[in-house]
Amino acid sequence: MRDKLRKWREENFRNSEQIVDVGEELINEHASKLGDDIWIIYEQVMIAALDCSRDDLAWSCLQELKRQFPDSHRVKRLAGMRLEALERYEDANKLYDSILQDDPTNTAARKRKISILRAQGKSSEAIRELNEYLEHYWECFLCSPFFLSLSFHSHSYAKAAFCLEELMMTNPHNHLYCEQYGEVKYTQGGLENLELARKYFAQALKLNNRNMRALFGLYMSASHVAASPKVSAKVKKDNVKYAAWAASQISRAYQMAGRGKKENKCSVKAVEEMLESMQITMS
Amino acid sequence: MGEVELSCLAYAKMYLHASQFPRSSVNGLLLSSSPAGAAVCITDCVPLLHSHLSLAPITQLALTQVDVWCSQTQQRIVGYYQANACVSDSSPTPCALKIAEKIFEQCNNAVLLMIDGEKMFPGCRVPPIVMYERKDARWALKDKHTIMLRQWEETCSIVNQLFSSGDQTLLVDFDSHLDDITKDWTNQKLNAKIMELISPANGNV
């Protein structure tokens, strides 16, 4: 059970119901055998308990942590998270402000304050605060996934693109960031962005040739570029080739997936017809 | 404008979709197998996304594929639903309005349905939905009295049964399908399970 919790902690899984189930039993029945691990388990279970509206469990974990670490900023942050879960945002903010007074570089407290703005629906304020923070502490790449989701939420595609550029720099083998960058460029639209999108979808496929979103993305961006009246004959020819390649890969993937499974016939047929109809508009 | 009827099947799947991803915004399309007329009968829905709803490529892809599937199965896309990640906010986002506009171009009594997260608790007596219709070039709240959910109590009980039997995990949305294309976004299996539960209530054999 201990190992399960450790795995979920290390891989950042948010399977809160399972964590509460396993963690509660561990704490109630086997606390004495956990040694120093118990504190990090209290923290993990407390956060999961907040996610599942188990304030009783969250409160008891918090009490144990407060008793053991009375002046800890980390524990104070957890107390703040509990107040957030109870929607007592003003009280939570006061707590985080007191942490920041002691330690202005405390990333966790800043993130929580910005999360509160987001929970209250104040996305543009949240982005402004995060911008300000990143200006002073730009090494904080760890903020980037958080910034990314905020940018998507408020339709700030340029910011999302900037964020993804940073993430791709620090995680060059991550196919998901390449593919998401392609999606953002596609969404921004315009010939240049579509060509860029196509390149990044292709890069994502190089890193992981089973990324279906990248495959479809490549197909759609190449098709749109080929269909544009502004491109030269050579560019058109090249993009028709890329699109045809992507279409054949998509067909093959769906044929293999559909084998022997009656219920998949619907999605296989839908994809086949879609590829056919898009071909017609391209030529 | 006209009346809108929401079937148990469509409601159940929307509810399951929103419950499956409580921390994300989710969206999907509303379908009808009835002929076009003054009243809109929403007979089914297709859950689409639970991540990055505002990005274009996958949304376009999903719309195209659902369109194709509808023409193969004599259905039409008649609306769009969305549940926001922020439970206290059930207002349509810019991307919801955009997609609803696109649907309106093909279907002039299209509806936009927002799920009200605050009313999604067991025992709630009111359906957790807010519906909008196109009026005077904008999306306006629909009069509650023109929205019909037949056999509301039975619908609630069917949803509860799905949760207690664990069948709610059968729901596949388009996003999950792209993660694993052997999963069926038309949800044939789940549809069959729900229809089984519905029949005794209707007294149909």
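Residues numbered from 1 in each chain as written. Chains lettered and ligands numbered in written order. Predicted model: local features only at pLDDT ≥ 70, side-chain atom pairs only at ≥ 80, totals over all residues. Heavy atoms only, no water.

A. Representation of the interface of chain A and chain B within the structure. In this complex, chain A contributes 30 residues to the contact, which on the side of chain B involves 29 residues. Summing the contributions of chain A and of chain B, the shared interface buries around 2,800 Å²; its carbon and sulfur component is 62%. Where chain A packs against chain B, one counts three salt bridges. The salt bridge partner of R23(B) is D51(A), with a shortest N-O separation of 3.0 Å. In this structure, the connection of chain A to chain B is made through eight residue pairs in polar contact (both at pLDDT 80 or more). Only α11 (175-188), α13 (212-227), α14 (233-258) and α15 (265-282) of chain A provide two or more residues apiece to the side of chain A that touches chain B. A per-element tally of the side of chain A that touches chain B places α15(A) first, with seven residues. A per-class count over the side of chain A that touches chain B returns 15 nonpolar, seven polar and eight charged. (Contact = heavy atoms within 4.5 Å. Buried area = accessible area lost by both parts, 1.4 Å probe. Salt bridge = Lys/Arg side-chain N within 4 Å of Asp/Glu carboxyl O. Polar contact = N/O pair within 3.5 Å; in protein donor to acceptor, adjacent residues only side chain to side chain. Helix = DSSP H or I, 4+ residues; strand = E, 2+ residues; numbered from the N terminus. Nonpolar A, V, L, I, M, F, W, Y, C, P; charged D, E, K, R; others polar.)

B. Local environment of helix α4 (residues 152-165) of chain B. Residue and element names in this part refer to chain B. Between its first and last C-alpha atoms α4 spans 20 Å; for 14 residues at 1.5 Å apiece the expected length is 20 Å, and the two agree. Inspection of α4 places W152, T155, I158, V159 and L162 among the buried residues, and these make up the whole buried set. The arc enclosing the buried residues of α4, seen along the axis, measures out at 120°, which places them on a common side. Exposed and facing more than 90 degrees away from the buried side of α4 are E153 and S164. The positive-phi residue at the C-terminal boundary of α4 is G166, with phi of around 80°. (Expected span 1.5 Å × (residues − 1). Buried < 20%, exposed > 50% of the residue type's maximum accessible area, 1.4 Å probe, protein only. Arc of directions from axis to C-beta.)

C. Structural view of the UniProt feature "domain: MPN" (unreviewed entry) in chain B. The UniProt feature table records "domain: MPN" (unreviewed entry) at residues 4-138 of chain B. Between the C-alpha atoms that bound residues 4-138 of chain B there is a distance of 18 Å. The span itself is 32% helix and 30% strand. (UniProt positions renumbered as here; feature names shortened; annotations may be inferred.)

D. A look at the packing of aromatic side chains. Residues and elements named next belong to chain B. The full count for this structure, using the stated rule, is ten aromatic pairs over all chains. Ring centres of Y11 and Y15 lie 5.8 Å apart, and the angle between their planes is 40°; on these two criteria the pair is classed as tilted. Placement of both Y11 and Y15 in helix α1 (residues 8-20) is noted, with a separation of four residues, approximately one turn of the helix. Each of the two residues, Y11 as well as Y15, counts as buried. Plain terms: the ring middles of W69 and W185 are 5.6 Å apart, the flat faces sit at 80° to each other, and that makes the pair edge-to-face. Linking W69 in helix α2 (residues 56-72) with W185 in the loop between α5 (174-179) and α6 (188-202), this pair joins segments that are 116 residues apart in sequence. For W69, a relative accessible area of 4% corresponds to the buried category. Counting every residue linked through ring pairs, the aromatic cluster contains Y11, Y15, W152 and F163. (Phe/Tyr/Trp six-rings, centres within 6.5 Å; stacked < 30°, edge-to-face > 60°.)

E. How the structure looks around the packing of helix α3 (residues 37-51) of chain A against helix α5 (residues 73-85) of chain A. Residues and elements named next belong to chain A. Packing of α3 against α5 brings their axes to within 10 Å, and their N-to-C directions diverge by 15°. Relative to α5, α3 is oriented roughly parallel. Here the hand of the crossing between α3 and α5 comes out left-handed. Facing α3, whose interface residues are I40, E43, M46, I47 and L50, α5 presents R74, R77, L78, M81, R82 and A85. When the residues that make up the contact of α3 with α5 are grouped by side-chain class, the tally is seven nonpolar, no polar and four charged. (Axes fitted to C-alpha atoms, helices over the stretch in contact; angles between N-to-C directions. Parallel < 35°, antiparallel > 145°, perpendicular 65-115°, else oblique. Left-handed = near helix turned anticlockwise from the far one by under 90°.)

F. Layout of the pairing of strand β8 (residues 138-141) of chain B. All names here are of chain B. Note: strand β7 (residues 129-135) against β8, four bridges, orientation antiparallel. The partner of Y132 across the bridge, within β8, is L141. Connecting β7 to the antiparallel partner β8 that follows it, the hairpin turn spans two residues, and D136 within it adopts a positive phi of roughly 50°. (Pairing = 2+ DSSP bridges.)

G. Region of interest: the sheet that holds strand β6 (residues 111-115) of chain B. All names here are of chain B. Strands sit in the order β4-β2-β5-β6-β7-β8 across an open sheet of six strands; the sheet is mixed. Two strands close off the open sheet at either side, each with one partner strand: β4 (44-49) and β8. Adjacent strand axes in the sheet meet at a mean angle of 30° when their direction is disregarded. The pairing of strand β5 (residues 76-83) with β6 spans five bridges and is parallel.

H. Structural view of the side chain of H175(A). Along the chain, the position of H175(A) falls in helix α11. Residue contacts for H175(A): discarding those within four places in its chain leaves A204(A), L207(A), N208(A) and N211(A).

I. Here's a closer look at the state of the cysteines. One pass over the full model with this rule turns up zero disulfides over all chains. Here C52(A) stays free of any disulfide, with the sulfur of C61(A) as its closest cysteine sulfur at 12 Å. (Disulfide = S-S within 2.5 Å.)

J. Quick look at the pattern of salt bridges. Residue and element names in this part refer to chain A. Under the criterion given, the structure shown has 20 salt bridges over all chains. With its nearest N and O atoms 3.8 Å apart, the salt bridge here joins R67 to E64. A residue pair is termed a helical-turn pair when its members lie 3 or 4 positions apart in one helix, as R67 and E64 do in helix α4 (residues 55-68) at three residues. The partner of D91 in a salt bridge is R88, and the shortest N-O contact between them spans 3.1 Å. A residue is classified by how much of its surface remains accessible, and D91, at 29% relative accessible area, is partly exposed. The structure contains a network of salt bridges with shared partners spanning E24, R54 and D56.

K. Highlighting the packing of α11(A) against α2(B). For the pair α11(A) and α2(B), the least separation of the axes is 7 Å and the interaxial angle reads 80°. Of the possible angle classes, the one that applies to α11(A) and α2(B) is roughly perpendicular. Of the residues in α2(B), those touching α11(A) at E183(A), Y186(A) and T187(A) are A56(B), P57(B), I58(B) and Q60(B). Partitioning the contact of α11(A) with α2(B) into residue classes produces four nonpolar, two polar and one charged.

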